[in-house]
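# Descriptive analysis of the structure
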Amino acid sequence: MGTKGDLLIIDDEIEVLNTLKRVFEKDYELHITQNPKEAFKIMEKFNIGVVLCDHRMPEMNGTEFFVKVREMYPNAIRILITGYSQISDLIISVNQGRIFSYITKPWNLGDLKNTIKEAFNENALILENSSLLESLKKSNQRLKLEIEERRQIEEKALRLASIVESTEDGIMGLALDGIIIDWNRGAECIYGYTEAEILGESVIKLIPEGKYDEFQEMIGNISQGMPMTHYETIRQRKNGETINVYLTVSPIKDHAGKVIGASKIVNDVTAQKKLEKEMVRMDQMTLVGEMAASIGHEVRNPMTTVRGFLQLFKEHKDPAKYSEYIPLMISELDRANSIITEFLSISQTKKVELAQQNLNDIIERILPLVQVDAINEEKTIKLELETIPDLLLNHKEIRQVILNLAKNGLEAMAKGGCLIIKTSLVDKEVILAIQDEGKGIKPEIMKRLGTPFITTKEKGTGLGLAVCFGIAARHKAEIIAVTSPQGSTFFMKFPLVGVI
Ligand SMILES: Nc1ncnc2c1ncn2[C@@H]1O[C@H](COP(=O)(O)OP(=O)(O)O)[C@@H](O)[C@H]1O
Ligand SMILES: [Mg+2]
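Residues numbered from 1 in each chain as written. Chains lettered and ligands numbered in written order. Predicted model: local features only at pLDDT ≥ 70, side-chain atom pairs only at ≥ 80, totals over all residues. Heavy atoms only, no water.

### Regarding the site of ligand 1
- Around ligand 1, 19 residues are found, and the nearest of them are Asn408, Asp436, Thr455, Thr456 and Lys457.
- Between ligand 1 and Thr455 there is a distance of 2.5 Å, counted from an oxygen atom to a side-chain nitrogen or oxygen.
- Taken together, the elements giving at least two residues each to the shell around ligand 1 come down to helix H12 (395-412), helix H14 (464-474) and strand E17 (487-495).
- Here the shell around ligand 1 takes 3 residues from H12, the largest share from any one element. (Near = heavy atom within 4 Å. Polar contact = N/O pair within 3.5 Å; in protein donor to acceptor, adjacent residues only side chain to side chain. Helix = DSSP H or I, 4+ residues; strand = E, 2+ residues; numbered from the N terminus.)

The structure is reproduced here in structure tokens:
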């Protein structure tokens, strides 16, 4: 559309059209046609503001034409040119075609000009209104969307808030300077402060003195955006009690991704910790009880024997007659003594002197002792010793380990079995391996390997492995057993650290 309004004039009489053309072509962008069908083509192409149409035309009269125009181009202002005689048609035009005005023939040019001008004003008004309406509709739509979005956000926030409020975990929000800005009921239960008491206070209030440094470090991490999960530490309640807690701390970021605070989830595990400690204590108590019973039994047996003999001696005038029993008595006392000695050596706190020496030397020196047992039982011993570096060892204790493990291995095998004692250096560890061809270790024993007084042997003490584990701990070494129905291997791994 140009700056001038588009005016369309339809009349079947060419002279009328020409006259009107001359009058209006100056002021308007003028389109003329004799044919209403042609008129629709023009309207399709141009933004016609005002349509002036004769009523009486051969193909379609003005009234019918305007009913269509109104339907298709409701913004185009319609003016009908008509004679007085056609009043009934005029009524239809006004009612159904909603014409803006009608001009009667013959017309007064001034009136016609005015009417057309007014029609264009009307058109401008309508256009303005409809564009206003359009933008109103659009902003209305936007508003509706926004309201819906907000409602959803609000709903979500409410939902989250009710989760936060109802959870047993303590949840709090902190500013970067450690000031508490959010506090849920869970936190209230854990720490004993109400929301009113704690908001605006520093989180330092909840931290026992010794843990300040740790807190600073945590805040440092958080300001760099690093979260911390499942951090175990100690906190302080309002009444001064300390509690064990697990913390999960996450940075809170603003829209730009800048860290502006931290959220903290606190899990009170004090009760759990107490229970754990209690369980360990109970376990130890049962163990001590079991051990006491076993020692009592083991030591009481030889004592009873010896006491029986001594009573016999006392009742007879000639004790020399019984001297043949003396070696038995001594051996019984020795057994009691050795049980007590072994039992004492289980204690891991015992201090031992360590000296730099080679494990292979110790093995070679003790070999004859092990060999005696083996030969008696028609079994063989094989050594596979690689070159290994020196270690810090207590040779008496290492001898004891080798003897105990070798003895167990020999005892596990039938006649003809072969026991291999190996040493090697693997990944900065010296490894001693004692491998037998026995039937393997029973699963129930495997589970409690090294627990004192666990034995499957009639004359066993169940102390051999416990002693080995104690010695390993004092040498910072580790004992691992691997077993199968074809035999078992006990590995003792010595770390190389601390050796020059
Ligand atoms: N090399 C092995 N093969 C099979 N079982 C073993 C072996 N070493 C240890 N065991 C099992 O572990 C138990 C405990 O061993 P230990 O502490 O030396 O006590 P004891 O030899 O006096 O029974 C043994 O009774 C046996 O059942
Ligand atoms: Mg043994």
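From this point on, the discussion continues.
### Digging into the pairing of E17
- As defined by bridge partners, strand E15 (residues 429-435) adjoins E17 across 7 bridges and the pair is classed as antiparallel. Considered in E17, the bridge of Ile431 is made with Lys493.
- One ladder, built from 7 bridges, connects strand E16 (residues 478-484) with E17; its direction is antiparallel. Bridging across to E17, Ser484 finds its partner in Gly487.
- Two successive antiparallel strands, E16 and E17, enclose a turn made up of 2 residues. (Pairing = 2+ DSSP bridges.)

### Some points on the sheet that holds strand E1 (residues 6-10)
- Read from one edge to the other, the open sheet built from 5 strands follows the order E2-E1-E3-E4-E5, with strand pairing classed as parallel. The open sheet has two free edges, formed respectively by strand E2 (29-33) and strand E5 (101-104), since each of these has just one partner strand. Direction aside, the axes of adjacent strands within the sheet are offset by 20 degrees on average.
- In this sheet, E5 lies alongside strand E4 (residues 77-82) in parallel orientation, the contact comprising 4 bridges. What sits directly across from Thr82, in E5, is Thr104. (Axes fitted to C-alpha atoms, helices over the stretch in contact; angles between N-to-C directions.)

### Some points on the domain arrangement of the protein chain
- Taken domain by domain, the protein chain comprises domain 1 (6-133), domain 2 (167-268), domain 3 (274-346) and domain 4 (355-495).
- The gap between the C-alpha centroids of domain 1 and domain 2 is 79 Å. (Domains from an automatic or database assignment.)

### Remarks on the sheet that holds strand E6 (residues 170-175)
- Strand order in the open sheet formed by 5 strands is E7-E6-E10-E9-E8, with antiparallel pairing between adjacent strands. Edge strands, defined here as strands with exactly one partner in the open sheet, are strand E7 (180-183) and strand E8 (228-236). The sheet shows a mean angle of 30 degrees between the axes of neighbouring strands, direction not considered.
- As defined by bridge partners, E6 adjoins strand E10 (residues 259-268) across 6 bridges and the pair is classed as antiparallel. Residue pairing across strands places Leu174 opposite Ala262, the latter belonging to E10.
- Contacts from helix H8 (residues 212-223) reach E8, strand E9 (242-253) and E10 within the one sheet, and its direction differs from that of E10 by about 130 degrees. (Contact = heavy atoms within 4.5 Å.)

### Thoughts on the state of the cysteines
- Under the defined criterion, the tally for this structure stands at 0 disulfides.
- This cysteine, Cys468, is not joined by any disulfide, and Cys418 carries the nearest cysteine sulfur, 20 Å off. (Disulfide = S-S within 2.5 Å.)

### Overview of the nonpolar core
- Of all hydrophobic cores here, the largest spans 36 residues; its most connected members are Leu359, Ile381, Ile402, Leu432, Met492 and Phe494.
- Those elements that provide at least two residues to this core are helix H11 (359-376), strand E13 (391-393), H12, strand E14 (418-426), E15, H14, E16 and E17.
- Per element, the largest residue contribution to this core is 7 residues, and it comes from H11.
- Each residue touching Ile381, except ones within four places of it in the same chain, is listed here: Leu367, Val370, Gln371, Ala374, Leu410, Leu419 and Ile421. (Core = buried A, V, L, I, M, F, W, Y, C linked by side-chain atoms within 4.5 Å. Buried < 20%, exposed > 50% of the residue type's maximum accessible area, 1.4 Å probe, protein only.)

### A word on the pattern of salt bridges
- Tallied over the full model, the rule gives 15 salt bridges.
- With a closest N to O distance of 2.7 Å, Arg151 and Glu155 form a salt bridge. Separated by 4 residues within a single helix, Arg151 and Glu155 lie in helix H5 (residues 109-166), roughly one turn from each other.
- With a relative accessible area of 39%, Arg151 lands in the partly exposed category.
- Here Lys273 and Glu232 are joined by a salt bridge, their closest N and O atoms 2.6 Å apart. Here Lys273, found in helix H9 (residues 270-315), pairs with Glu232, found in strand E8; they are 41 residues apart in sequence, far enough to count as distant.
- Judged by its relative accessible area of 40%, Glu232 is partly exposed. (Salt bridge = Lys/Arg side-chain N within 4 Å of Asp/Glu carboxyl O.)

### Description of a negative patch on the surface
- A grouping of Glu165, Asp182, Glu188 and Glu195 is seen on the molecular surface, where their side chains present a negatively charged patch.
- Tracing the sequence through the fold places Glu195 in helix H7 (residues 195-198).
- Exposure remark for Glu195: the relative accessible area of 40% places this residue in the partly exposed category. (Patch = residues over 30% accessible without salt bridge, like charges linked within 9 Å, V, L, I, M, F, W, Y side chains within 5 Å. Areas by Shrake-Rupley, 256 points an atom, 1.4 Å probe, with all protein chains shown as cover. Lys, Arg positive; Asp, Glu negative; His and termini not counted. Charge placed at Lys NZ, Arg CZ, Asp CG, Glu CD.)

### Things to note about the packing of H11 against H12
- It is the contact of H11 with H12, at a shortest axis distance of 10 Å, that shows an interaxial angle of 40 degrees. Here H12 runs oblique to H11, going by the angle between their axes. Crossing geometry of H11 relative to H12 is assigned as right-handed. Residue-level inspection shows Leu359, Ile362, Ile363, Ile366, Leu369, Val370, Asp373 and Ala374 of H11 in contact with H12, the latter providing His395, Ile398, Arg399, Ile402, Leu403, Ala406 and Leu410.
- Here the contact of H11 with H12 is composed, by residue class, of 12 nonpolar, 1 polar and 2 charged. (Parallel < 35°, antiparallel > 145°, perpendicular 65-115°, else oblique. Left-handed = near helix turned anticlockwise from the far one by under 90°. Nonpolar A, V, L, I, M, F, W, Y, C, P; charged D, E, K, R; others polar.)

### Description of the packing of aromatic side chains
- Evaluation of the coordinates by the stated rule reveals 6 aromatic pairs.
- Seen in terms of ring centroids, Trp183 and Tyr191 are 5.6 Å apart; in terms of plane orientation they differ by 35 degrees. Their pairing is tilted. Neither residue differs from the other here; Trp183 and Tyr191 are each classed as buried.
- When the centroid spacing of 4.9 Å and the interplanar angle of 25 degrees are considered together, the rings of Phe309 and Tyr325 count as stacked. Remark: Tyr325 occurs in the loop between H9 and helix H10 (326-346) and Phe309 occurs in helix H9; sequence separation between them is 16 residues.
- On the accessibility criterion, Phe309 (12% relative accessible area) is buried. (Phe/Tyr/Trp six-rings, centres within 6.5 Å; stacked < 30°, edge-to-face > 60°.)

### A short note on H8
- The terminal C-alpha atoms of H8 lie 17 Å apart, and with 12 residues this matches the ideal 16 Å at 1.5 Å per residue to within 8%.
- Residues of H8 that are buried include every one of Glu214, Phe215, Met218, Ile219 and Ile222, and no others. Relative to the axis of H8, the buried residues are bounded by an arc of 140 degrees and lie together on one face. Away from its buried face by more than 90 degrees, H8 exposes Asp213 and Glu217.
- Packing partners of the buried residues in H8 comprise E8, E9 and E10.
- At the exit of H8 stands Gly225, carrying a positive phi of roughly 85 degrees. (Expected span 1.5 Å × (residues − 1). Arc of directions from axis to C-beta.)

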